[in-house]
Number of protein chains: 2
Amino acid sequence: MNRIIDEEIFLKEYNPNLFEKVSVTTDLLVFSISDIVTNNYRKLPEKIMSVYLVNRDNFPFKGKWSLPGGFLDPKETLADTAFKVLKRKMNLDTLYLEQLGTFDAITRDPRMRILSVAYMALINRQDLPRDIQACSNWFNIVRKGENLFLQNEQDSDLILDLSDKGSLAFDHVDIVLTGLMRLKNKIEYTDLVFHLLPKEFTLTELQNVYEAILGRKLLAPAFRREIKSKVEATGNYMTGSGHRPSALFRQRKNENVE
Amino acid sequence: MNRIIDEEIFLKEYNPNLFEKVSVTTDLLVFSISDIVTNNYRKLPEKIMSVYLVNRDNFPFKGKWSLPGGFLDPKETLADTAFKVLKRKMNLDTLYLEQLGTFDAITRDPRMRILSVAYMALINRQDLPRDIQACSNWFNIVRKGENLFLQNEQDSDLILDLSDKGSLAFDHVDIVLTGLMRLKNKIEYTDLVFHLLPKEFTLTELQNVYEAILGRKLLAPAFRREIKSKVEATGNYMTGSGHRPSALFRQRKNENVE
């Protein structure tokens, strides 16, 4: 009893400015999958990972591409802030969000000490509002040997080199690379991949998405053996000119979880 | 050129208090492995995971067990703060540290809005200063069915139930559970486990550490097949009364990395 009263007195007299505070922002790394349409009409479109960037219209780093982000309101959670940013910049209400990490290099922001808590979001392109699906903010993640580049989907001459930290505002190159690594590490032992796909998909599409994330080709028989327990046939087929109908699958939900 | 001058002016005139700031702390989840000495002298000691806690001598949560932690000094990085806490509370200079996540529930601290960036540290018990190795701050992580408990190593009657969030100060039960999950998920595809072991170990010890982290028994032949590529024989043997000499192994370093 005494302890509770002591704690009440302590809290009433507590000086919240005893320790210097810092500014905190949230940055959003929104990954999706784009189709690369090839010239060969018999071939299905190839898959490539893409990321959503905004061009900064304010200082600092005015004119540079950056991850969408915003300041944390101390009355809200970081996830609240993340969802507000998604609503404001992408008109999105829901999607898969996971905390990627807190980035805190002392000089990462020229204004002052600002920590950024980065979130990784995964979304199926087709679930986006039409204007966001096709806007000029999407960059394909292109590998050339060991190097990674971001290539604007609508302006193929606009290429950002991820080996140059100055290619994006702040330390956003680090955040992008951390997110790519996280996704690559987690994709084999989690069900994260399904957030990037429509509800129904062919096994070839699913394999192409894995390949886009892992950055290497997979052997179809081994891939199908390993993925078998994660998917189930829907009974539907994708048809189209130039290729045979393909069976459509969906994620198999673990019954213990539902 | 104009843009650089504009940015300079912008930064000079920038009001750092435009957005309300928050307090940030770092909390440390220090995991280690303890031996449970069994009565049977022929049996090697079993391994169990343990965590280092401190008893709070200040409000709030005075008298409760908690993770060691401290406030972030805005002139330092989060890792600097983490290492300072380790030095002050455990007299430790180096160990493996990885950011676990930022915990930000609005009411997690009764003083005010405080974000905590939690770090997970992994250490081989034998590398600790003697007084820290044997102190009363270590709690074994004990599983009983689906439930997890923390049992003080020196006072076996002191048991904290991790299914009760009030068992530790703040939201530290959440941080402990998040760290256990992270370690369990990462142990199979990373080399994290070796931070918990001495430089030389038997394969039985290594298997027991895996079992302690995964919370289940492994089959020795399958375990040895899978671990083979990660370890190499040192040529040394552990001898002791009651059991045959066992070959000692060490982590095999990837030559491409060195």
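Above: the structure in question.
Residues numbered from 1 in each chain as written. Chains lettered and ligands numbered in written order. Predicted model: local features only at pLDDT ≥ 70, side-chain atom pairs only at ≥ 80, totals over all residues. Heavy atoms only, no water.

A. Here's a closer look at the pairing of strand β8 (residues 138-144) of chain A. Residue and element names in this part refer to chain A. Counting buried positions over the 7 residues of β8 gives 5, a clear majority of the element. Bridge analysis of strand β2 (residues 46-52) against β8 gives 3 bridges, and the strand direction is antiparallel. What sits directly across from S50, in β8, is N140. When β8 meets strand β9 (residues 147-152), the two strands line up antiparallel, connected through 6 bridges. Bridging from a neighbouring strand, K144 pairs with N147 of β9. Between β8 and β9, which follow one another and run antiparallel, lie 2 residues, and G145 among them has a positive phi close to 65°. (Buried < 20%, exposed > 50% of the residue type's maximum accessible area, 1.4 Å probe, protein only. Helix = DSSP H or I, 4+ residues; strand = E, 2+ residues; numbered from the N terminus. Pairing = 2+ DSSP bridges.)

B. Region of interest: the interface of chain B and chain A. Chain B puts 39 residues into the contact, and the matching count from chain A is 40 residues. Both sides together, the interface formed by chain B and chain A hides about 3,700 Å², and carbon and sulfur atoms give 65% of it. Among the residues of chain B in contact with chain A, K21, F59 and P74 of chain B are the three that bury the most area, contributing 17% of the side total. The interface formed by chain B and chain A holds 0 salt bridges in total. Inspection of the chain B/chain A interface yields 12 residue pairs in polar contact (both at pLDDT 80 or more). The set of elements that each furnish at least two residues to the side of chain B that touches chain A consists of α1 (2-13), β1 (23-36), α2 (78-90), β6 (96-103) and β7 (114-122) of chain B. Taken together, the residues that form the side of chain B that touches chain A break down as 21 nonpolar, 6 polar and 12 charged. (Contact = heavy atoms within 4.5 Å. Buried area = accessible area lost by both parts, 1.4 Å probe. Salt bridge = Lys/Arg side-chain N within 4 Å of Asp/Glu carboxyl O. Polar contact = N/O pair within 3.5 Å; in protein donor to acceptor, adjacent residues only side chain to side chain. Nonpolar A, V, L, I, M, F, W, Y, C, P; charged D, E, K, R; others polar.)

C. Molecular detail of the packing of helix α5 (residues 203-214) of chain A against helix α6 (residues 220-227) of chain A. Residue and element names in this part refer to chain A. With their axes 11 Å apart at the nearest point, α5 and α6 run at an angle of 100° to one another. Put simply, α5 runs roughly perpendicular to α6. Along the contact surface, α5 presents L203, T204, L206, Q207 and Y210, while α6 presents A220, F223, R224 and I227. In terms of residue class, the contact of α5 with α6 is built from 6 nonpolar, 2 polar and 1 charged. (Axes fitted to C-alpha atoms, helices over the stretch in contact; angles between N-to-C directions. Parallel < 35°, antiparallel > 145°, perpendicular 65-115°, else oblique.)

D. Structural view of the relation of the copies chain B and chain A. For the pair chain B and chain A, the relating rotation is 180°, the translation along its axis is 0.0 Å, and the fit reaches an RMSD of 0.0 Å. Between the two chains, the operation in question is that of a two-fold axis. An overlap of 100% is found between the interface residues of chain B and their copies at the interface of chain A, pointing to a shared contact surface. (Least-squares fit on C-alpha atoms with pLDDT ≥ 70 in both.)

E. Layout of the side chain of K47 of chain A. Residue and element names in this part refer to chain A. You can see K47 is positioned in strand β2. Polar contacts involving the side chain of K47 include one to the side chain of D35, which spans 2.7 Å. Beyond its immediate stretch of four places on either side in the chain, K47 contacts I33, S34, D35, E205, N208, V209 and A212.

F. Local environment of the nonpolar core. By size, the foremost hydrophobic cluster in this structure holds 48 residues, and its most contacted members are V24, V30 and M90 of chain A together with V24, V30 and M90 of chain B. Secondary structure elements with two or more residues in this core: β1 (23-36), α2 (78-90) and β7 (114-122) of chain A together with β1, α2 and β7 of chain B. The residues touching V30 of chain B, leaving out its near neighbours within four places in the chain, are S50, V51, Y52, L86, M90, L95, A121, I123 and W138 of chain B. (Core = buried A, V, L, I, M, F, W, Y, C linked by side-chain atoms within 4.5 Å.)

G. A look at the pattern of salt bridges. For the structure on display, the rule yields 34 salt bridges over all chains. Between R108 of chain A and D171 of chain A there is a salt bridge, with its nearest N and O atoms 2.7 Å apart. Pair noted here: R108 of chain A is in the loop between β6 (96-103) and β7 and D171 of chain A is in the loop between β10 (159-161) and α4 (172-186), with a separation of 63 residues, a long-range link. Taking the relative accessible area as the measure of exposure, R108 of chain A reaches 6% and is therefore buried. Among the salt bridges present, the one from R113 of chain B reaches D104 of chain B, with a minimum N-O distance of 3.6 Å. When its relative accessible area of 11% is taken as the criterion, R113 of chain B is described as buried.

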